[in-house]
Amino acid sequence: MNMPAAKIEIETAMPAVGAAPVVTMTPKRPPRSEAYARMARETAARVIPPLVVIALLTLVWELVCRRAGSALPPPSKVFTDTKELILDPFFDHGGIDKGLFWHLSASLQRVAFGYSLSAIAGIALGVLVGQSVWAMRGLDPLFQVLRTIPPLAWLPLSLAAFRDGQPSAIFVIFITSIWPIIINTAVGIRNIPQDYRNVAAVVQLNPLEFFAKIMIPAAAPYIFTGLRIGIGLSWLAIVAAEMLIGGVGIGFFIWDAWNSSHISEIILALFYVGIVGFVLDRLIAGLGKFVTRGTAQN
């Protein structure tokens, strides 16, 4: 990359008789067209490769599934069958007969509530386990056992406890996403450099100041790694749980489409599930990059 040329300006006024001219170096700003061209090249380098891969995969899908006897519809048929759902995602005919926007909105509300609870509880427990040796010895084995239980295995227990689908789904989200947050937070707390702790002791920070000024900033990259894993698990858990609890939600929409043999609607819903999951991951990653000033993985 060529460095921008420098413009040399020689002052005509002399500070004294016989003194040498004063030479100042003023950096020359690159033209706006060059900056826009560079941004366009960077955007193209990020966007074009995945678009090419998606186009090739769609072409292969179309060619394979257009053959007679294929069990899955090709992309062209998926679009034809789901055109009304794509063009009008906001319709509401009452009950569960709603557009995909309302199903996704209901699922996202459950995820937001359950994930927020898991983030608060997970960070608090992670700090406790990471800071206290006794807490780590007592709680870490329990956490390692509970985190291996599949999300849907919690659903019958939650239904028995809450006797309602809505809090049961939120509990499944909570219990599924909390473990990576606890573990990553604890690892981040344990990896705080000893120099930071020594400085805190020298300046005599109280526990609250140490928590706010040393502990959380130092462990933030680990915390946001756990939060990113947790948001992905939350979205996976709610789609699976809604297939069983019923009601409005993208998971139930997929299950209802299967019962009605509407394969094209299932494919469309899976496409939306993937897009929403990607956006949620990018949002947490962007927040982590902003909070940690680029030190969190993106």
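Residues numbered from 1 in each chain as written. Predicted model: local features only at pLDDT ≥ 70, side-chain atom pairs only at ≥ 80, totals over all residues. Heavy atoms only, no water.

Participant: Kindly report on unusual backbone geometry, identifying the contributing residues and their values.
Facilitator: Although it is not a glycine, Arg 163 adopts a positive phi angle of roughly 55 degrees. By secondary structure assignment, the location of Arg 163 is in the loop between α6 (155-162) and α7 (165-190). Phi angles above zero are rare outside glycine, and Gln 204 is one such case at about 60 degrees. One can find Gln 204 in the loop between α8 (194-202) and α9 (207-245). Classification of Gln 204 as exposed rests on a relative accessible area of 69%. (Helix = DSSP H or I, 4+ residues; strand = E, 2+ residues; numbered from the N terminus. Buried < 20%, exposed > 50% of the residue type's maximum accessible area, 1.4 Å probe, protein only.)

Participant: Give a detailed account of the nonpolar core, specifying residues and quantitative values.
Facilitator: Side chains of a nonpolar character, in soluble globular proteins, are inclined to be buried together. Of all hydrophobic cores here, the largest spans 36 residues; its most connected members are Val 111, Tyr 115, Leu 227, Trp 235, Ile 238 and Ile 250. Looking at this core, the elements that each hand over two or more residues are α4 (100-131), α7, α9, α10 (250-259) and α11 (263-291). By residue number, the principal contributor to this core is α9, which donates 11 residues. The contact partners of Trp 235, leaving out residues within four places of it in the chain, are Leu 104, Ser 107, Leu 108, Val 111, Ile 250, Val 273, Val 276, Gly 277 and Leu 280. In this structure, Phe 143, Ile 175, Ile 178 and Ile 182 belong to the second largest nonpolar core, which totals eight residues. (Core = buried A, V, L, I, M, F, W, Y, C linked by side-chain atoms within 4.5 Å. Contact = heavy atoms within 4.5 Å.)

Participant: Let's hear about the packing of aromatic side chains: which residues, and what values?
Facilitator: For the structure on display, the rule yields six aromatic pairs. Judged by centre distance (6.1 Å) and plane angle (75 degrees), the rings of Trp 154 and Phe 171 are edge-to-face. With Trp 154 in the loop between α5 (133-146) and α6 and Phe 171 in helix α7, this residue pair connects regions lying 17 residues apart in the sequence. On the accessibility criterion, Trp 154 (12% relative accessible area) is buried. We classify Phe 171 as partly exposed; its relative accessible area is 21%. Ring centres of Phe 162 and Phe 171 lie 5.9 Å apart, and the angle between their planes is 50 degrees; on these two criteria the pair is classed as tilted. Owing to a relative accessible area of 42%, Phe 162 belongs among the partly exposed residues under this scheme. Three or more aromatic residues joined by ring pairs make a cluster, and in this case those are Phe 90, Phe 101 and Trp 102. The ring of Trp 134 has Arg 137 lying over it, and the distance from NZ or CZ to the ring centre is 5.6 Å. (Phe/Tyr/Trp six-rings, centres within 6.5 Å; stacked < 30°, edge-to-face > 60°. Lys NZ or Arg CZ within 6 Å of the ring centre and 35° of its normal.)

Participant: Describe the pattern of salt bridges, listing the residues and the values that go with them.
Facilitator: Tallied over the entire structure, the rule returns six salt bridges. With its nearest N and O atoms 2.5 Å apart, the salt bridge here joins Glu 242 to Arg 110. Here Arg 110 lies in helix α4 and Glu 242 lies in helix α9, a separation of 132 residues in the sequence. Judged on exposure class, the residue Glu 242 and its partner Arg 110 are both buried. Across the salt bridge formed by Asp 281 and Arg 282, the nearest N and O atoms sit 3.3 Å from each other. Owing to a relative accessible area of 33%, Arg 282 belongs among the partly exposed residues under this scheme. Salt bridges sharing common partners tie together Arg 228, Asp 281 and Arg 282. (Salt bridge = Lys/Arg side-chain N within 4 Å of Asp/Glu carboxyl O.)

Participant: How would you explain a nonpolar patch on the surface if you had to name every residue and give the values?
Facilitator: The grouping of Phe 271, Ile 275, Phe 278, Val 279 and Leu 283 at the surface amounts to a nonpolar patch, some 510 Å² of accessible area in total. The topology assignment puts Phe 271 in helix α11. Residue Phe 271 is classed as exposed on the basis of its relative accessible area of 52%. (Patch = residues over 30% accessible without salt bridge, like charges linked within 9 Å, V, L, I, M, F, W, Y side chains within 5 Å. Areas by Shrake-Rupley, 256 points an atom, 1.4 Å probe, with all protein chains shown as cover.)

Participant: Which residues make up the packing of α4 against α7, and what values go with them?
Facilitator: Packed helices, taken two at a time, are described by the angle their axes make and the gap between the axes. Contact geometry for α4 and α7: axes closest at 6 Å, N-to-C directions at 30 degrees. Where α4 crosses over α7, the two elements pack in a sense that is right-handed. Across the contact of α4 with α7, the residue classes tally to 19 nonpolar, nine polar and two charged. (Axes fitted to C-alpha atoms, helices over the stretch in contact; angles between N-to-C directions. Left-handed = near helix turned anticlockwise from the far one by under 90°. Nonpolar A, V, L, I, M, F, W, Y, C, P; charged D, E, K, R; others polar.)

Participant: Residues and numbers for the environment of Leu 236, please.
Facilitator: Here Leu 236 lies in helix α9. When its relative accessible area of 60% is taken as the criterion, Leu 236 is described as exposed. On a C-alpha basis, the gap between Leu 236 and Thr 176 in space is 9.3 Å, while along the polypeptide they are 60 residues apart.

Participant: So, α10: which residues are in play, and what are the values?
Facilitator: Among all positions in α10, only Ile 250, Gly 251, Phe 252, Phe 253, Ile 254 and Ala 257 are buried. Against α3 (83-87), α4, α9 and α11 lie the buried residues of α10. Residue Ser 261 follows α10 closely and has a positive phi angle near 60 degrees.

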